[in-house]
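Spelled out, the chains give:
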Amino acid sequence: MAKITYIEFNGAEHPVDASDRFSVMEGAVKNNVPGIDADCGGQCACGTCHVYVDPAWLEKTGERTEMEKAMLEFVENVQPNSRLSCQIKVSDKLDGLVVRMPESQH
Ligand code: FES
C-alpha cells in the first residue's frame, strides 16, 4: 500500500491509497482520478497514462522499460521525468509518491 498524490495539470490534487496489486495507472483509474485515461488498459500501447514523476521520486520509481521508451516516442511533451504510469508498480517504497499529469491529459 502506498499513498500516491496525483496532481492534474490545473493543480488539483488527488491523494489516494493504492494497493500493491496495482500499477500507478490503476491506482488512479480505480479511484476515479481524472487525467489518466489508460485507453489500452495497461498494455504500454496508448500513452494516455503519461505522468511526470516528482524529481524526488525518480530513483525509487526506477528506469523506463524498453517498451515504455518506444511508446514515449509517440507521446507529446515528454520530459526527462516522464513515465507511463502503467509501467510503475505500486509498492511500500513508493509511499508518498507524487506524480503530475501533462497538459494534454486534462
Ligand atoms: S495505459 Fe496505455 S500506455 Fe499505459
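Fair warning: this is a prediction, and the values are worked out from it, not measured in the lab.

(A) Molecular detail of the overall build of the protein. A tally of regular secondary structure across the protein gives three helices and five strands. Written out in order from the N terminus, the α and β elements of the protein read β-β-α-β-α-α-β-β. Its C-alpha radius of gyration of 12 Å places the protein within 12% of the 13 Å reference for a compact globule of 106 residues. For the protein, the proportion of contacts with a sequence separation of at least 24, taken over those separated by at least 6, is 67%.

(B) Expanded view of the sheet that holds strand E4 (residues 82–84). If you walk across this open sheet you meet the five strands as E2-E1-E5-E3-E4, and the pairing is mixed. With one partner strand each, in any of the chains shown, strand E2 (13–18) and E4 form the two edges of the open sheet. Averaged over all pairs of adjacent strands, the angle between strand axes in this sheet comes to 35°, irrespective of strand direction. Two elements, strand E3 (residues 50–53) and strand E5 (residues 98–100), share two bridges in a ladder whose sense is antiparallel. Following the sheet pairing, Tyr 52 is matched in E5 by Arg 100.

(C) Broad picture of the environment of Phe 9. Here Phe 9 shows up in the loop between strand E1 (2–7) and E2. Along the primary structure Phe 9 and Pro 102 are separated by 93 residues, whereas in three dimensions their C-alpha atoms are 5.8 Å apart.

(D) Looking closely at the pairing of E1. Bridging between E1 and E2 involves six bridges; their strand directions are antiparallel. Paired with Thr 5 across the bridge in E2 is Pro 15. Hairpin connection of E1 to E2: five residues between the antiparallel strands, including Gly 11 at a positive phi of 100°. Bridge count for E1 against E5 is three bridges, and the pairing is parallel. By the bridge assignment, Thr 5 is partnered in E5 with Val 98.

(E) Quick look at the nonpolar core. Counting residues in each nonpolar core, the largest one holds 21 residues, and the members touching the most others are Ile 4, Tyr 6, Val 24, Met 25, Ile 36 and Val 99. Elements supplying a minimum of two residues to this core: E1, helix H1 (24–29) and E3. The element that contributes the greatest number of residues to this core is H1, accounting for three residues. The residues touching Tyr 6, leaving out its near neighbours within four places in the chain, are His 14, Ala 28, Val 33, Val 99 and Met 101.

Parameters and conventions
Residues numbered from 1 in each chain as written. Predicted model: local features only at pLDDT ≥ 70, side-chain atom pairs only at ≥ 80, totals over all residues. Helix = DSSP H or I, 4+ residues; strand = E, 2+ residues; numbered from the N terminus. Rg over C-alpha atoms; globule rule 2.2 N^0.38 Å. Contact = placed C-beta atoms within 7 Å. Pairing = 2+ DSSP bridges. Axes fitted to C-alpha atoms, helices over the stretch in contact; angles between N-to-C directions. Core = buried A, V, L, I, M, F, W, Y, C linked by C-beta atoms within 7 Å. Buried ≥ 20, exposed ≤ 12 C-beta atoms within 10 Å, placed from the backbone.

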